[in-house]
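# Descriptive analysis of the structure
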Amino acid sequence: MLNRCRFPIVLAFSALFASFACKKSNPAPDAPRTPPARDGVGAPPARPVAGGDIVIGEFGSMTGATATFGEMTHRGIELAIEEVNAAGGVLGRKVRVLLEDDQSETPQAVSAVKKLIHQDKVVAVLGEVASKRSIAAAPIAQRAKVPMVSPSSTNPELTEKGDYIFRVCFIDPFQGTVMAKFARNTLKFDKIAVLRDVKNDYSVGLANFFTEQFKALGGTVTLDKSYSEGDKDFNAQLTAIKATAPQGIFVPGYYTDVAIVAQQAKKLGLSVPLLGGDGWDSEKLWEIGGESLEGSYFSNHYSKDDQSPRVQKFVTAFKTKYQKPPDGLAAMGYDAAKVLVDAMTRAGATDGKKVRDALAKTTKYAGVTGDITINEKRDAVKPAVVLKVTKGQFQYVETIQP
Ligand code: PHE
């Protein structure tokens, strides 16, 4: 089980044995004794340059509505850094990850990144999963010129926040196209309804990209309804949707809400498949939604059933450490940490500007979620997979190239 303590949490990784302890968060040992800079005011704070551990910040939803996103991403990062340290670290130094829990809340995500950058003086930041929280926190990293790498935030707006902001995942115009093509060409659907979370940048964006593509492919969106994250009653929207007789419903939300939508749809006798995106990826999806999700489909970043040696090696290492298989979040966290370390190695430094430049040049990095090439917009270009929800498993259906 993941070490759960109230934040701040310090996770220290030693070369051979990872020791996870709840301690008070202290600045990096080699942090200069300057007063913390106020965000956006004056020169960026000096980063530790030599000696001691290399300290990387991570902010994630360890608790709250999307707790499995934070937990699984963190486990992927832990495993990656443990492997890096076991192989001698980076630039002759060990890497340490300082984790801040943002409780699945946007204001907390912003405070977490401010703390990591201005108080803890981390050299780079990993996070977040939810696009809304990444988008809100990115300007802090950008102003301080500290590279930020999101493992899995897919809304295009994120990397538009500036040239220090990167992601190692594909973006939603592609993900929306993947599911539109799948619905239209593979499932042969003509009519689909959409149910989007209006409080969620990711959901709104993905709903729009899907709609645009599904229509472009000759399909019809029978009705487009909304809800707000955390809602518990979807009967009004689903009743209206049922009246339009769609062949499927596109629900690009996060797992907690989607699972309840699925149950209520079934109760209303609306037994068409639901379609969605990476936000469905959680073991809780089936735990909450159960049979009502049977036969539904979603797009994702990776499948643990991919038989390529690099994926299977990762799956085995992860299972050995955590006694459960890695989901897409864990795989993306792992790749984000490894891509960052790779950039530091190529930069030969932990200096923000140099690491930024090296990150921008990432080409065909062999990740467990595919080969990662960072394009001129600081997004990754890579394939997506479609998974089918069946008997509590996410079964691999197909891979779609960009
Ligand atoms: N892509 C989602 C977002 O941008 C987050 C997510 C990624 C959720 C991967 C689950 C799996 O908000």
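Preceding this paragraph is the structure being described.
Report on the accompanying structure. (Residues numbered from 1 in each chain as written. Predicted model: local features only at pLDDT ≥ 70, side-chain atom pairs only at ≥ 80, totals over all residues. Heavy atoms only, no water.)

## Here we look at the layout of surface pockets
With a probe scaled to a water molecule rolled over the atoms, the places where space remains empty come into view. Here is the rule we go by: Residues are called lining when one of their atoms sits within 4 Å of a cavity or pocket point, these points coming from a 1 Å grid over the protein atoms alone, where a cavity is a set in which a 1.4 Å probe fits but cannot get out and a pocket is an open set with protein on both sides within 12 Å along at least five of seven lines. Grid points are joined across faces, edges and corners, and a volume is the space filled by probe spheres set on the points. Note that the domain bounds were set by an automatic or database domain assignment. Counting from the N terminus, the helices are DSSP H or I runs at least four residues long and the strands are E runs at least two residues long. Side-chain classes are defined by residue name, with Ala, Val, Leu, Ile, Met, Phe, Trp, Tyr, Cys and Pro counting as nonpolar, Asp, Glu, Lys and Arg as charged, and the others, Gly among them, as polar.
Space inside the largest pocket adds up to approximately 390 Å³. The wall of the largest pocket is formed by 20 residues, among which Glu283, Lys304, Pro325, Asp327 and Phe394 lie closest to the centre. Three or more residues apiece are contributed to the lining of the largest pocket by two domains, here domain 1 (54-170 + 307-382) and domain 2 (173-300). When its volume is computed, the second largest pocket comes out at roughly 190 Å³. Every residue lining the second largest pocket is counted, 15 residues in all, and those nearest its centre are Asp306, Val368, Thr369, Gly370 and Pro383. Listed by contribution, the elements that provide at least two residues to the lining of the second largest pocket are helix 9 (309-322) and strand 16 (393-400). Of the residues contributing to the lining of the second largest pocket, the split by class is 6 nonpolar, 7 polar and 2 charged.

## A closer look at the pairing of strand 9 (residues 220-227)
Each regular strand shows side chains that alternate between the opposite faces of the sheet. As a reminder of what qualifies: In this description, strands pair whenever DSSP reports at least two bridges between them. When the strands point away from the viewer, a crossover counts as right-handed if the route from the first strand across the helix to the second turns clockwise.
Where strand 8 (residues 191-197) meets strand 9, 6 bridges bridge the pair, whose relative direction is parallel. Following the sheet pairing, Lys191 is matched in strand 9 by Thr220. Crossover strand 8 to strand 9 through helix 5 (residues 201-216) is right-handed.

## Here we look at the site of the ligand
The cut-off we apply is this: Being near a molecule or strand, for a residue, comes down to having at least one heavy atom within 4 Å of it. Nitrogen and oxygen atoms within 3.5 Å of one another constitute a polar contact, given that in protein one can donate a hydrogen and the other can accept it, and given that sequence-neighbouring residues count only through two side-chain atoms. Here, Shrake-Rupley sampling with a 1.4 Å probe gives the accessible areas, and only protein chains in the shown set may cover a residue. Assignment of a molecule to a cavity or pocket requires that more than half of its atoms lie within 2 Å of the corresponding grid points.
Near the ligand, the surroundings consist of 13 residues, among which Ser131, Ser152, Thr154, Tyr254 and Asp278 are the closest. Note that an oxygen atom of the ligand is positioned 2.4 Å from one of the side-chain N or O atoms of Ser131. Take Tyr254: an N or O atom from its side chain is 2.5 Å from an oxygen atom of the ligand. When isolated, the ligand has an accessible area of 330 Å², and the protein chains bury 100% of it. Of all the cavities here, the one that holds the ligand is the largest cavity. Here the residues of the shell around the ligand sort into 6 nonpolar, 6 polar and 1 charged. Both domain 1 (54-170 + 307-382) and domain 2 (173-300) contribute no fewer than three residues apiece to the shell around the ligand.

## A closer look at the pattern of salt bridges
Quick note on the threshold: The term salt bridge refers to a pairing of a side-chain nitrogen on Lys or Arg with a carboxyl oxygen on Asp or Glu at a separation within 4 Å. Only protein chains enter the calculation, and the probe is 1.4 Å; a residue is then buried if its accessible area is under 20% of its type maximum, exposed if over 50%, and partly exposed in between.
If you walk through the whole model with that rule in mind, you get 18 salt bridges. Measuring nitrogen to oxygen at the nearest pair gives 2.9 Å for the salt bridge that ties Glu283 to Lys324. Remark: Lys324 occurs in the loop between helix 9 and helix 10 (328-347) and Glu283 occurs in helix 8 (residues 283-289); sequence separation between them is 41 residues. Of the residues examined, Lys324 reaches a relative accessible area of 22% and is grouped as partly exposed. Across the salt bridge formed by Arg310 and Asp371, the nearest N and O atoms sit 3.0 Å from each other. With Arg310 in helix 9 and Asp371 in strand 14 (residues 370-372), the pair connects residues that are 61 residues apart, well separated along the chain. Among the charged side chains, a salt-bridge network with shared partners connects Glu100, Lys115 and Asp120.

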